Amino acid sequence: MNVNRLFLLLALGLAIALWLYGRYVAIPRPPHKRPPGVTSPGNRRVEKADDEWESILTRAQYVVMRGRGTEWAGSSDLLHEHRPGTFICTGCQNPLFSSATKFESNTGWPSFYTPIVANAIYTEPDGGRTEVCCAVCDAHLGHVFSDGPAPTGLRYCMNGVAMQFRQNR
């Protein structure tokens, strides 16, 4: 009986480790190819070589923004940020979301119902989900889902490490 329990515990531990590895370690994926016609505010672009991104971003930022990873649920300080202000892209300072559009989704990630301007971000299919990318530097920000509040019905579920908060003055 003890051998069976030990085996089950080891199997469960291995399964959890493999799940965490696949979820929180960036799996190499090809770089984004911007969809035709995507523009950014003021047609601004920030392009850097991969090794330059790796040198200026923290490991967590790099894994999420360039490797299309996901941060741990509930790990971002921005999750509880409620002051008036703007959430901007960590990589290029592009304004992404207004605090006025932030809502509590209880998912563990900062959530918004609309970007600050339509072309601040762009979306791409990502398996069964829709990926959200910064329109200026092509950073992976998170995903958008159709279970958000009015008026859009959308939930932009963002990785906090991909954003910084700039408080209104």
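Residues numbered from 1 in each chain as written. Predicted model: local features only at pLDDT ≥ 70, side-chain atom pairs only at ≥ 80, totals over all residues. Heavy atoms only, no water.

A. Molecular detail of the pattern of salt bridges. This model, assessed by the stated rule, comprises 7 salt bridges. When the shortest N-O distance is used, the salt bridge between Arg45 and Glu47 registers 3.2 Å. Using a relative accessible area of 62% as the deciding quantity, one classes Glu47 as exposed. Salt-bridge contacts for Arg129 lead to Asp126; the nearest nitrogen and oxygen are separated by 3.7 Å. For Arg129, a relative accessible area of 37% puts it in the partly exposed group. Among the charged side chains, a network of salt bridges with common partners joins Arg45, Glu47 and Asp138. (Salt bridge = Lys/Arg side-chain N within 4 Å of Asp/Glu carboxyl O. Buried < 20%, exposed > 50% of the residue type's maximum accessible area, 1.4 Å probe, protein only.)

B. Seen up close, the sheet that holds strand β9 (residues 163-167). Taken together, 3 strands build an open sheet; the order of strands is β2-β1-β9 and the sheet is antiparallel. This sheet does not close on itself; its edge strands, each paired only once, are β2 (95-98) and β9. Looking at each pair of strands side by side, their axes are set apart by 30° on average, direction ignored. (Pairing = 2+ DSSP bridges. Helix = DSSP H or I, 4+ residues; strand = E, 2+ residues; numbered from the N terminus. Axes fitted to C-alpha atoms, helices over the stretch in contact; angles between N-to-C directions.)

C. Spotlight on unusual backbone geometry. Cis rather than trans, the peptide bond between Ala150 and Pro151 has omega equal to 10°. In the Ramachandran plot, Arg68 falls in the positive-phi region, its phi being about 60° despite a non-glycine side chain. Mapped onto the fold, Arg68 is located in the loop between α3 (59-65) and β1 (85-89). A positive phi is found at Asn106, a non-glycine position, where the angle reads about 60°. Inspection of the secondary structure puts Asn106 in the loop between β3 (102-103) and β4 (111-112).

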